[in-house]
Every structure is written in C-alpha cells, then in structure tokens.
Amino acid sequence: MAPSLHFLLFSALKVVIVTVVLLTIVAYTVYVERKVCAFIQDRIGPNRTGPLGLLQPLADAVKAFLKEDFVPGHVRRAYFWLAPAIVMIPSLVTIAVIPFGSVLGREPMVLADLNIGVLFTFAVVSLGVYGIVLAGYAANSKYPFMGGIRSSAQVISYEVAMGLSVVPVFLLTGNLNLGALVEYQSGGLFGWMIFKQPLAFLIFVVAAFAETNRLPFDMPEAEQELAGGYNVEYGSIKFAMFFLAEYANMVAASAMIVTLFLGGWSLPFLGLNQPAATWFAGLIHIGVFLGKMFAVLLVFIWLRWMLPRFRYDQLMDLGWKRFVPLALANVALTAIVLWLQAP
Amino acid sequence: MAAREKLNLLKERFGNAIQRADIPAEDRLFVFVDPQSVREICRHVFRHLDARYVISIGADDRPHSGDFLVAHHFAFDEDHLLSSILTRIPADEPAFDSITDEVPAANWAEREIRDLYGLEPRGHRYLKRLVLPDGWPDGVHPLRKDVPFDHVPEGFDPDREFKFDEAPEGCTVVPFGPFHPTLDEPAHFRLYVEGEMVRGCEYRGFMVHRGIEKLAESVLTYNDIPMAAERICGICGCVHNVAYAQSVEGAAALRIPPRAEYIRTIMLELERLHSHLLWVGLACHIVGFDTMFMQAFRIREPVMWIAEKISGNRKTYALCVIGGVRWEITDDLRAELRQVLDQLEKEWRPVVAAVQKDRNLKARTRGVGVADRHLVKDAALLGPVARAAGVDIDARRDHPYAAYDRVEFDVITADGADVWSRVIVRALEVFESIRIIRQCLDRMEPGPLSLDIQDELPVGRMGMSSVEAPRGESHHFVITGENNRPRRWRVRAPTYQNLQGVPAMIKDQQLADMTISLGSIDPCFSCTDRMETIDIRSGAKRVWSQEELKQLARGTRA
Amino acid sequence: MSSQLEQFIPVLMLGAFAVIVTVGMLLLSVVLGRRGRNSRMKNIAYECGMIPIGPSNVRLSVKFYLVAMLFILFDIEVVFLYPWAVIYRELLAEPAMKNVALISMVSFLGILFAGYLYAVKKGAFDWKD
C-alpha cells in the first residue's frame, strides 16, 4: 500500500515549516539569551541592529557566512568538514516525534507519530556525540582533542541518567508514544508528570542541561580551563553550526521536557485538554505548546547566568554517583508502588 | 630597638664576618658581611631568627668602590624591621655564594643577578637564563654601568629559541599561555600533565623588556622616576610610585608633611579597592560565573571615577614627587569620596554574603591551589596568598609607612591556605580599605602637600621601602647617586615571589584547576617583567622593523 | 504495520531536509566567505600562541575508556527496561503475572545495581587521583 499523495505532500510541508520555525526560534533564543544575560549583568545587550537589536541574529548569520572559510593546514580535512554537519543534523531531526499541537483541521501536529517516540529521540540525540568526538579528533591539536573527549564523556554519562529517569514515566503510561503521553497528562493539572514523578523530572532536567552543554555543565566551552573545547580550531559558519546545534538541542530538550512532564500542548482548563475540534483551538494548542517551551527555555537561560561552572570531576560525580542511583531507585520505587496498587 | 638587637645577635654569632653595619633609622638595618660567610649568615637569619626573605639585589658599584654589590633583604615583621645583608664582590672575580639552597625563594633573584650583572651564583643548581631575551648574546650584562642604556649588542641572534626542560616520562606537555582566553598575559606555562592531573610545570616569563630600572639609573631624574614607576603595573601602579618615593625619602632622611601622608594612604587604599574588586570579578569569570564578574566591575566603576576626579586619571595617578604628593583632596572631593565609599560598602556587603554562601564556588575552590605555611615561608609568598594560609603579614602594619600608623584596621587572615581562603581574604579586605580611607578623611589636617627641597639629595645612601600592594608587599631599594638620579633602583613586585610558588601550588592538581590556582595569586606579569634590560628594538641587526611587523601581521611574509 | 512504517517517511524527509540545510550552509559559506591570505603561522595548531610541541594526540586518562565502557553497559540495560516499563501495567492486571513482572525486573535492577556498586567501589568514577 503506497502512502497517499496527500500524506506525502503535507508531510513535506510540515517538515519545511517546522525546520524553518525551529531555526528561527534558535536564532531568537540566542538573541533572548543575550538580552537576558545583559539584563542580569546590568548591561544593555544587542541594541544596534534594528529596533531593540532585533535584527541581531540576522547580522550574526550574515557575519558567519561572510567570514573566511578557513581550514587550517594541520587538520584532518574530511572529518573537519564532517564534524559540524554531524552535530547539526541530529539536532534538527530530534523534533520529529514531538507533538507540538493536537490537530489543525484534520492534520495531526506532529511530524511522525512513532510508537517508539522517546527511543527515537534518545537515539538521535546520541548521534550528536559523534560530531563532538570527531571535531576534537579532526582538529589534530591538543585542546580540541582533550575537549572533545571530555565533553563526549560528559554527554554519554548523563545519557544514562536521562534514559533511566524517564522509565518511571513509561511505567505509568505504558506507551512510548509521545502523543499518548500528552493524552495521559491532559486529565488535569496534577496529571502532569512533573507532579506524578518530580524526581524523574529533576533528573531529566539536569541531565538535559548536561546533554546540551549548558552551564553549569558547559565543559566544551570552558574556555577558562582548556582554552575552549573541541571547536577551538573552527571558524566561520562551521563554528556557528556547533553553536546553532547547541541551541537547537536546547530547544529540542525544552520541547521534550514540556511533552514529557508539563502536559505538552494541553491545558487543564477551557476545554483545552481535548484534541482541537476547530482550527482556532488547534492554533491555541500550538501556542500553548510554544508558550510552555519558551518558559522552559527561559529557565535554561536564566540559570546559566546564575551559577558558576562545575569542575569536570564534580560533574562526573554528580552524574554517576548521584543521579544514576537516584534514577534506579525511582524506577524500583515506582514499580513497587504500582504493584501495591494493582488489584 | 630591634635593629641594634638583631645586629648584636649577628655579631655574637658571626663575630668578624660582620664587617660594617649601618642603622639609619630604627626600622632599617644594613649589614656588610664577609662574602665567605654570607650563606651561613643568611641561613641563620632565615631559619633561626625566622626572618622573611624579601629579595636579592645586585648592584654595580665599580665606578665608586671598584666592587659589585650583592644584597639579600630580609624582613623581621614582628619587630618592624627591614634588613639588608650586603656583600662586596670583587670585580676581578665576579661570583658569589648562592643562598638558594638555604633560602629557596632566592632562586629567581640570583638568576636575575647572573643575567644582568654577570655575577655567577656559586652552588645554584638551576642556572638557566631568566630575564634576558633568548637571542641576547652571552657575556653582555645590561645593568653593568659600562653598558649604555641604548646599547645594541653585537651578535643578537633572533633565531635562538628558549630551551625548555625535558618533560618527565609519561607526561603530556600542555602549553598554557600567553594567548589563553583567561590569561592573556606574557607568560607561558608548560604543564606536564598525566591524565587529568598536573605533575609539574616549567614557567617562562619575562617576555616583555621595558628597561625601566636601567632608564631610571641612566636617563631619568629623581622626580621623573615616580611616573615611570607607576607604569610598571597595569593595576596597582601607585604602589610603585609611593614605594619608590619612600625609599628615596628614607635614604635622604626626609620627613614628608602629614597631609601628604594621608593623601598617599587614601590613594593606595583606593587602588586596593579597585584592584580587589577587579580580582574577585576575574576569579568568578575563571570559574564560569560571568554575572558576578560584570557586577563586580559595575561596583568598582565609581572608585575609578573618584580616582579620576582626584588625580585626572582612572589609573596612573602620578601622585608622588620626592617629599610629597602632587594632588590635593579638596573638601568637595572628600565629601564625594565618602559617598562613593558608602555606596561601595552598601553594594559589596550582599556580594560578599552571596559569595560566602555559594556552594558551587566553595566546591570549586576549597582545597584547590594549596600554599601552606611552609611553602609561604620557603617561596616567600606574599599578601593575600600568605594571609590566606594564616601567615599574618601585612606591610601596612608591620612596616608602617605614610599614615598607616595613625589609622586602625584589621589584618584579615584565613587558614584554608587554598583559593577559597584567598577569595574571602580579598573580599573582606575591601571593608578594611573603606575603613582606612574614612579614618584618613576624618583625620587629615590642612597643611602643605610637599617639602620644598632646595639641596641636592645626599649621595651613596641606601634606602628601602615596603608597600603593601593589593597583591602583597612591593619592595623598592634605592642607592642614591649623582646627577639627580639614583645609582641603583630595584623593584621587587609581589608577583615576582608569588609566581615562584605556583608550580608547587598546581602540582598534583587537576588541569581544570590550573587557571583558578594561578589566578588566585592575582598575578601581575607586567610587575614581574619590569625588566632591567635594554630595548632591543631600536636597531639590532635582525629585529623586526615596523614595516616587517606589518607584513607579518598581514601574513604576506610566510 | 505499514502505517507505522509509513510514519518513518516524514522522519526521512526531515533527515533529508536537515542534510540539505546543513550542506547548504557549508557550501554557502565557501561561496560567500571572504578569501584571506594564507601564511605558515595561520596553519599552525593553536597552542596558546606557542609553536606546537609533541604529538597532538595527547595521552588520555584511562578513565575515559572506563566511562565509555560503563556507558555501553548501562545504556543497554536501560534499553532493556523500556519494553518492561511499557507492558508492566498490563502484566500487573493479570493475576498470574503480577508477581513475576515485579520480581523479575526488580532482580534485574538488583543485579544492575550490584554491578554499579562494584564499579563505584573500584573507583571507576573517581577523577581525583
């Protein structure tokens, strides 16, 4: 049975729109970050390009493209080109399974309603690590190499905690599909996973910080320690791509947090917890989702400017010695509680 | 009287080895000793009399007595005494007994004497060139009096490269600096790293050659030098300015007017304020806490403004002349300064409270970069580094100068000996500085700003002065001379000693702690590199011309 | 079944589009990027402004390999947990399977935890030495 033309067409349309919107959000997350940071630090922030500096992301992009595309002589060329692409592509693909709205008309507001939703996300996110390791190796120079190894060790360490932290969530829902998860949570405010599984939420959020290399886990950018990280030898758009990927990952992580723990597109009042019957309600759902996502993003941004960085050993300690056993305990605990509740 | 007491102790023990002694004031002691027994005497002074090593200084006295001089300075902090143990080195046998085995802190100072005077330290175990440029020919010793200040030596070899030591077996060499995002300073550490741990390092500094001391001894005049002196440092220049003026005033036995003393004290403390605020910001930047960095700079800014109002400059106050100061602090300025201090105190309190409670910051800095009492003693570490290790030294109290004997303040100490303690010591010293300035403002009385000096200053007298810079004691030594300029002027900035402690502080630490450990001494490389050598750019054979440098920068010269 | 496979088509589309965007950006930069002069110094690896010394592949702490190995172990075990998590409530609903569902997985977690404790005791996660 061949997929219908209608399905293909709408899928393609959604893919293009979602990617463009994602990239725009990424660009403006950078802008918001700079503005928020400036606010916290009693500065002004970007204010020269356009009103309130709103064209700053555009200027940054133009600058990145116009910079000399320099490949130093000592690098491993093929990998040097490959690394930023390998980091960038997964960061754009992660959002495929996230339901960013209920339905619009008759079209479900998710790119791919996979029944293994979460596994897909984890799998794709993991791919980004290859880019980081490769970037460190490709640069053929000390700091990037050490930085690459360090940050990949960091990312994989927190992946274990992250993977474990959501198991209790699926014990409750019995379904890996993210759409089903949102439905499960749409019952009421206290149906949200953040209230049912606060520990899982905490571990997941912290692990997300680590996965996206955000302060206090920003080893790859710890310029004060290793004179930068895996991206030391990079310039122009290749450098910008690492940067973009990081923010895209952050957006994706926020979207995941919203979907897993904060009820996704649903709101427990005004009847917004049911799939939209009208176009208007559909749009509202998308708005709700985006609103929640921006709130989470703001937390990401805010925290970055409030904390000093962990040292590497402290970060690994936190991941392996605190979060892994905590997450394991949470799994066992949830299982036992469910067992006790069973008839 | 401490000076005579110590002299008697030395005479009792060493008898004839003590050739001559000079006690110009009750807190200064100059002893000429027999070169044969200098090592023994220094060991006794350092280990048994428990004096603090300050610096070793060479001088070329051949035009006057036919000899070189080598002086080892020690401080008896509890007795409020600065002492100098001098030896005459005959010109035909230019060598002296090294004291580095007895006093490890003398390592650099003796190598510097070797570089600049060609006096060989006998028994020194690590005779590597320290301060001269790599391509500088052997046998040309720029601080000798027969070398003109603008001398361009024959045979300068620009291709000769610095020879680094071999890395220990199994260690990777990780370079650190000069172009490091955190520490963009002319300093290079070659770290020997095993896994994540630093096992050792080699330091290469002294890359900047400004020739300030040589200029002072051959071109400038007494009242020019304070202006050159304050350009030694990019942050705490006034310290050098005052320390120089005081050492000359000490040598010439001048007593400056009280108002000038108060003004000096105020400016020195203003400088400490802005330096400490800057440092706390930088330390936070190093551990990735940029918000604190920015806030510290914001809080610091009014201090710079008031300094500018008083002196015309945010920094380089051009404060001192011999015998007084150049700037008046008028009643208007006094009122304004009080406001600035009130504001600063109000804003700084919550910052200190926040820093003290920050668990991440504690986790990052506790037990890191440890310099305990023994290291402080052996490497002669200074200032907040020493005080954070519980070593209670502060030149303001121990060797009072300016108006510090007329104000009350506490010397802040801590006992962690680590980076955390240094943060706390500096953060709290800000309040003490505010306290000192307020007292000065209360007590300063109208009067002249400087002495009216008509006569030539006496010739051949020695003077020394210690000033507590934000980074530790800054020590100046002067021998007065003819032609309205000193024969010898030696600057020992605090970082000169503190840097020598860094290898021990970072050993067996994690690589990630390197930056904050080094940062915790508040290193000032421009102070350390004050450099007595001569500007070689002025025409040596293959030195880059400006045009060539431009080409190099454009990359057309491959 | 086919509808599930069909769901992967948009994923492929997204992947393809991501590749296009990425490659496009790389190429655009080549086209638009300013041409700079080249020089020997420009081609030298960044080592804090010094001429590079020694091999660029530094010796790493063996800890990194340990972490990588432990990651693989734990990650695979985490993956095993997912199918169980999904059907856990269904199993609980069946009286015959109720206890089996819990005990089998708790014992699996127990073994996992024992291995974890062993790694901790062995100092696999201690970076300070």
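Calculation rules
Residues numbered from 1 in each chain as written. Chains lettered and ligands numbered in written order. Predicted model: local features only at pLDDT ≥ 70, side-chain atom pairs only at ≥ 80, totals over all residues. Contact = placed C-beta atoms within 7 Å. Nonpolar A, V, L, I, M, F, W, Y, C, P; charged D, E, K, R; others polar. Axes fitted to C-alpha atoms, helices over the stretch in contact; angles between N-to-C directions. Helix = DSSP H or I, 4+ residues; strand = E, 2+ residues; numbered from the N terminus. Parallel < 35°, antiparallel > 145°, perpendicular 65-115°, else oblique. Left-handed = near helix turned anticlockwise from the far one by under 90°. Buried ≥ 20, exposed ≤ 12 C-beta atoms within 10 Å, placed from the backbone. Core = buried A, V, L, I, M, F, W, Y, C linked by C-beta atoms within 7 Å. Domains from an automatic or database assignment. Pairing = 2+ DSSP bridges.

A. Region of the structure containing the interface of chain A and chain C. Facing the 72 residues of chain A at the interface are 64 residues of chain C. Grouping the amino acids of the side of chain A that touches chain C by side-chain chemistry returns 49 nonpolar, 12 polar and 11 charged.

B. Spotlight on the packing of helix 3 (residues 63-93) of chain C against helix 4 (residues 98-121) of chain C. Residues and elements named next belong to chain C. Remark: helix 3 packs on helix 4, axes separated minimally by 10 Å, with the N-to-C direction vectors making an angle of 165 degrees. Taken together, the axes of helix 3 and helix 4 are roughly antiparallel relative to one another. You can see that helix 3 and helix 4 cross each other, and the crossing is left-handed. Of the residues in helix 4, those in contact with Leu70, Glu77, Trp84, Tyr88, Leu91 and Leu92 of helix 3 are Lys98, Ala101, Met105, Leu112 and Ala119. Residue composition of the contact of helix 3 with helix 4, grouped by class: 9 nonpolar, no polar and 2 charged.

C. Spotlight on unusual backbone geometry. The phi angle at asparagine 140 of chain A is positive, at roughly 55 degrees, despite the residue not being glycine. Tracing the chain through its elements places asparagine 140 of chain A in the loop between helix 4 (117-139) and helix 5 (142-165). One non-glycine residue, histidine 80 of chain B, lies in the positive phi region at around 55 degrees. Relative to the helices and strands, histidine 80 of chain B is located in the loop between strand 4 (67-76) and strand 5 (81-90). We classify histidine 80 of chain B as partly exposed; it has 16 C-beta atoms within 10 Å.

D. Spotlight on the interface of chain B and chain A. With 25 residues of chain B in contact, the opposing surface of chain A contributes 24 residues. Elements with a contribution of two residues or more to the side of chain B that touches chain A: helix 8 (258-286), helix 9 (290-311) and helix 11 (359-365) of chain B. Per element, the largest residue contribution to the side of chain B that touches chain A is 5 residues, and it comes from helix 9 of chain B. Here the side of chain B that touches chain A is composed, by residue class, of 10 nonpolar, 9 polar and 6 charged.

E. Spotlight on the nonpolar core. If you look at the biggest cluster of nonpolar residues, it comprises 322 residues, and the most contacted ones within it are Ala161, Phe204, Ala207, Met241, Val251 and Ile257 of chain A together with Ile85 of chain B. Among the elements that make up this core, the one with the highest residue count is helix 11 (residues 236-261) of chain A (19 residues). When residues of this core are assigned to domains, at least three fall in each of domain 1 (2-130) and domain 2 (212-528) of chain B. Apart from residues lying up to four places away in sequence, phenylalanine 204 of chain A is in contact with Met162, Ser165, Val166, Ile257 and Leu260 of chain A.

F. Representation of the domain arrangement of chain B within the structure. Residue and element names in this part refer to chain B. If you check the domain split of chain B, you get domain 1 (2-130) and domain 2 (212-528). Distance between the C-alpha centres of domain 1 and domain 2: 26 Å. Breaking the side of domain 1 that touches domain 2 down by element, the ones donating at least two residues are strand 2 (28-33), strand 3 (52-61), strand 4, strand 5 and helix 4 (107-117). The biggest single contributor to the side of domain 1 that touches domain 2 is strand 3, with 6 residues. Here the side of domain 1 that touches domain 2 is composed, by residue class, of 12 nonpolar, 5 polar and 4 charged.

G. Region of the structure containing the sheet that holds strand 2 of chain B. All names here are of chain B. With respect to topology, 5 strands assemble into an open sheet ordered 1-2-5-4-3, the strand pairing being mixed. Each having just a single partner strand, strand 1 (18-22) and strand 3 make up the two edges of the open sheet. Across this sheet, the average inter-strand angle for adjacent strands is 20 degrees, counted without regard to direction. As paired strands, strand 3 and strand 4 are joined by 9 bridges and run antiparallel to one another. Looking at strand 4, one finds that glycine 58 is bridged to valine 70. Each of strand 1, strand 2, strand 4 and strand 5 touches helix 1 (residues 2-14); the most contacted strand, strand 2, lies at about 20 degrees to it.

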